[in-house]
Amino acid sequence: MQAEKRHKGLSLCVKNALCLHVFVFLIAFAFACGLMSVQAQPQPTNLIPAPAEYKVCKGIGKLSNCKIVKSEKALLRRLEGRELANWQLKSAYWMELGKKGVKIVAADEEGVFYAQQTLKMMESLDSVVSCCTILDWPRFRYRGVMLDESRHFQGKDFVKKQLEMMALLKMNRFHFHLVDNPGWRVQIDAYPRLTKLTAWRPEAYFWDWEKNEIGGLFVEDGTPEAYGGYYTKQDIADILAFADERHIEVIPEIEMPGHNYETRYAYPELACSLPGGGKDPWELCPGKESTFEFLEKVLLEVFDMFPSQYIHIGGDEARKNNWKLCPDCQARMKAEGLKSAEELQSYMIKRMERFAHEHGKRIIGWDEILQGGLAPDATVMSWHGIEAGKQAVKEGHDVIFTPTHYFYLDYHQDPAQFRPVGRLVSLEKVYSFEPMLEGISEAEAHHVLGVQGNLWTEHVQDAWHAEMMLYPRVYAIAETGWSQAEKKEWSDFERRASVLSAVARKWGYTVYPPSQQQ
Ligand code: ACM
Ligand code: ZN
């Protein structure tokens, strides 16, 4: 009995084991079939920014074996009557990813480059790349990121790393905020004290240096423990070559008349003719001819360094109190028939615009340049909100939208973030911005050049923190700038953003965790 029972038990065990084997085999078979059918199924794309048109076909695409046709005629044939502006045509591409390889058709090198970025992203993000055809072009011509290098200085390698990510995201403008109160960051041969002295300060952390909104001290280059740095002309040339290969225009910003504490520290004669240069420590004196001589000499060197069409002249947050007391400013106002400090600022910006035009450049300024009358050809960076941008469009000016509550990347992404500042600017909030605002007519739409994220660095000391503030929010700005409005969809973007974030981390970027974005 016992033995029989044991035998029965054994055979039951064997039977069970056999069943288990069959079961495992069936599961494995079903899984393999499932996988095969998943592989045969068209896969959704993980691309950021979402392409204008994306059609999946049967089969798995082969990402190598790439044939490139650079011909406007050929691209127009693929566009089948879709009407693109000339600047869009330059960036547009058609791409077919087949079982045997890739074919790219573009009118210009820029379109070929963007097709290649699409391929690079597919290769990096998609586990299975389905055969597909893509027809793609940008919605806006300006898709930018601004980096404040004055408050905290990151340097060349950091900048190149971010340019690489921008290129992958099809962004094309890098706004280089090179000078501001706590540090001058670019070599100017005519004024060596800007880099021998005011590129260096004793305190590394900005808030340890700036006390009560009045800046601190600077120390000579070479002083032990001095914090800071600057870009030599060779550094700038290296960055520009790197950016150029990636179809990114680098736009330098030279601030005037406000945000010039460091300039006045190096050259106190640029301040108003008042005791200590006046109560406000930031402003240059627009009454003195020597101020214009200084700015023109600086700009000539900057124009030589940067081939960009635009120069950003700042124009923000000048307090203007000194000007009301300064005899030189008062004399200037009288001579030019200017009725207010705002008109004096406008005089300065218009004069600098004329100078820029003489050298083949156009100016961009923060939205305060609207005060006292806008310079005739100026492009406005609308940062206080959206109203200034709308007003500029109505006045027939080009506008780039960088509204604080959507695109200020120093603002925190969730309430628990390390060093929270400003308002909550979550990934979803960034993504929700629509640049074609109500009230802007179809005829005025071409004045909306695009969008830009601004990373101010008062609170952002190192590369780890800076990247955490940039990513993933820069993805959302890239998609808003490139993708057609009807292609934007938050939940799908959120999914794609987390795929890109995982890969970006493997590449060595610090990316804020998507789970904490809300
Ligand atoms: C700015 O944020 N002051 C342009
Ligand atoms: Zn003055």
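Everything that follows concerns the structure shown earlier in this document.
Let me sum up the structure you'll find in this document. All figures in this text were calculated on a predicted structure; none of them were measured in a lab.

The rules we used
- Per-chain numbering applies: the sequence of each chain, read as written, is numbered from 1 onward.
- Naming scheme: in the order in which they are written, chains are lettered from A and ligands are numbered from 1.
- Totals for whole chains, interfaces and linings use all residues, but because this is a predicted model, local features are given only for residues with pLDDT of at least 70 and pairs of side-chain atoms are given and counted only at 80 or more.
- With hydrogens and water set aside, each side-chain value is computed from the structure's full complement of heavy atoms.
- Helix and strand definitions here come from DSSP, where helices need a minimum of 4 consecutive H or I residues and strands a minimum of 2 consecutive E residues; each element is numbered from the N-terminal end.
- Contact between two residues is taken to exist if any of their heavy atoms lie within 4.5 Å; hydrogens are not considered.
- Computed with a 1.4 Å probe, the accessible areas rest on the Shrake-Rupley method; for each residue, only the protein chains presented here act as cover.
- His is not counted, nor are the chain ends; Lys and Arg add positive charge and Asp and Glu add negative charge.
- A charge is said to be at NZ when it belongs to Lys, at CZ for Arg, at CG for Asp and at CD for Glu.
- Think of the donor list as every N, O and S atom within 2.8 Å of the metal, or within 3.2 Å for Na, K and Ca; water never makes the list, so a site can look incomplete.
- The rule is simple: take the accessible area with a 1.4 Å probe, protein chains only, and divide by the maximum for that residue type; under 20% is buried, over 50% is exposed, in between is partly exposed.
- By definition, no residue in a patch forms a salt bridge, and every one has over 30% relative accessible area; like charges are joined within 9 Å, nonpolar side chains (Val, Leu, Ile, Met, Phe, Trp, Tyr) within 5 Å.
- Each salt bridge in this description consists of a side-chain nitrogen of Lys or Arg and a carboxyl oxygen of Asp or Glu lying within 4 Å of one another.
- Throughout, an axis means a line fitted to C-alpha atoms (over the contacting stretch in the case of helices), and angles, computed between N-to-C directions, take values from 0 to 180 degrees.
- Relative orientations are named as follows: roughly parallel for angles under 35 degrees, roughly antiparallel for angles over 145 degrees, roughly perpendicular for angles from 65 to 115 degrees, and oblique for any other angle.
- When residue character is reported, Ala, Val, Leu, Ile, Met, Phe, Trp, Tyr, Cys and Pro are called nonpolar, Asp, Glu, Lys and Arg charged, and the others, Gly included, polar.
- Pairing of N or O atoms within 3.5 Å defines a polar contact, subject to two protein rules: one partner must be a possible hydrogen donor and the other a possible acceptor, and residues neighboring in sequence count only if both atoms are side-chain atoms.
- When DSSP finds at least two bridges between two strands, those strands are taken to pair.
- Call a crossover right-handed when, viewed with both strands pointing away from you, the route from the first strand across the helix to the second goes clockwise.

Topic: the overall build of the chain
The number of helices and strands found in the chain is 19 helices and 17 strands. Projected onto its principal axes, the C-alpha positions of the chain cover 115 × 65 × 40 Å. Once local pairs closer than 6 in sequence are excluded, the contacts in the chain between residues at least 24 apart make up 73%. For the chain, the accessible surface area stands at approximately 22,200 Å², while carbon and sulfur atoms represent 55% of it. In the chain, 61 side chains carry a positive charge and 70 a negative one; their mean positions are 8 Å apart.

Overview of the coordination of the zinc ion (ligand 2)
Protein coordination at the zinc ion (ligand 2): the donors are C272 (SG), C285 (SG), C326 (SG) and C329 (SG), at 2.2 to 2.4 Å from the metal. Mapped onto the polypeptide sequence, the residues donating to the zinc ion (ligand 2) form the spacing pattern C-x12-C-x40-C-x2-C. In this structure, C326 and C329 share a single accessibility class: buried.

Notes on a positive patch on the surface
On the surface, a cluster of positive charge is made up of K67, K73, R77 and R78. When residues of the positive patch are assigned to their parent elements, the largest contribution, three residues, is made by helix 2 (residues 72-79). Note on K73: relative accessible area 66%, which makes it exposed.

What about the pattern of salt bridges?
Tallied over the full model, the rule gives 25 salt bridges. A salt bridge links D189 to K233, with the shortest nitrogen-to-oxygen separation between them at 3.1 Å. Of the two residues, D189 is situated in the loop between strand 9 (183-184) and helix 6 (193-196) and K233 in helix 8 (residues 233-245); the sequence distance between them amounts to 44 residues. According to the relative accessible area criterion, K233 is partly exposed, its value standing at 24%. Here K233 ties to E301 by a salt bridge, and the two come within 2.6 Å at their closest N and O atoms. Linking K233 in helix 8 with E301 in helix 10 (residues 289-305), this pair joins segments that are 68 residues apart in sequence.

Brief notes about the packing of helix 4 (residues 109-125) against helix 19 (residues 490-506)
The N-to-C vectors of helix 4 and helix 19 enclose an angle of 85 degrees; their axes lie 10 Å apart at closest approach. When the axes of helix 4 and helix 19 are compared, the pair comes out roughly perpendicular. Taken together, the residues of helix 19 that come into contact with helix 4 (itself represented by M121, S124 and L125) are V499, L500 and V503. Taken together, the residues of the contact of helix 4 with helix 19 sort by class into five nonpolar, one polar and no charged.

Observations regarding the side chain of E444
Within the secondary structure layout, E444 lies in the loop between helix 16 (427-431) and strand 17 (448-455). Owing to a relative accessible area of 16%, E444 belongs among the buried residues under this scheme. Here the side chain of E444 touches S441 through a polar contact of 2.9 Å, landing on its backbone nitrogen. E444 has contacts with V393, K394 and G439, leaving out every residue within four places of it along the chain.

Things to note about the pairing of strand 6 (residues 142-148)
Burial analysis of strand 6 places seven of its seven residues in the buried class, which makes it a mostly covered element. Residues Y142, G144, M146 and D148 line one face of strand 6 and the alternating positions R143, V145 and L147 line the opposite face, and both faces are buried. As paired elements, strand 6 and strand 17 share six bridges and run parallel to each other. When the bridges of strand 17 are listed, L147 appears paired with L455. Both strand 6 and strand 7 (residues 173-177) contribute to a ladder of five bridges, which runs parallel. The residue of strand 7 that forms the bridge with V145 is F174. Traced from strand 6 through helix 5 (residues 156-168) to strand 7, the parallel crossover comes out right-handed.

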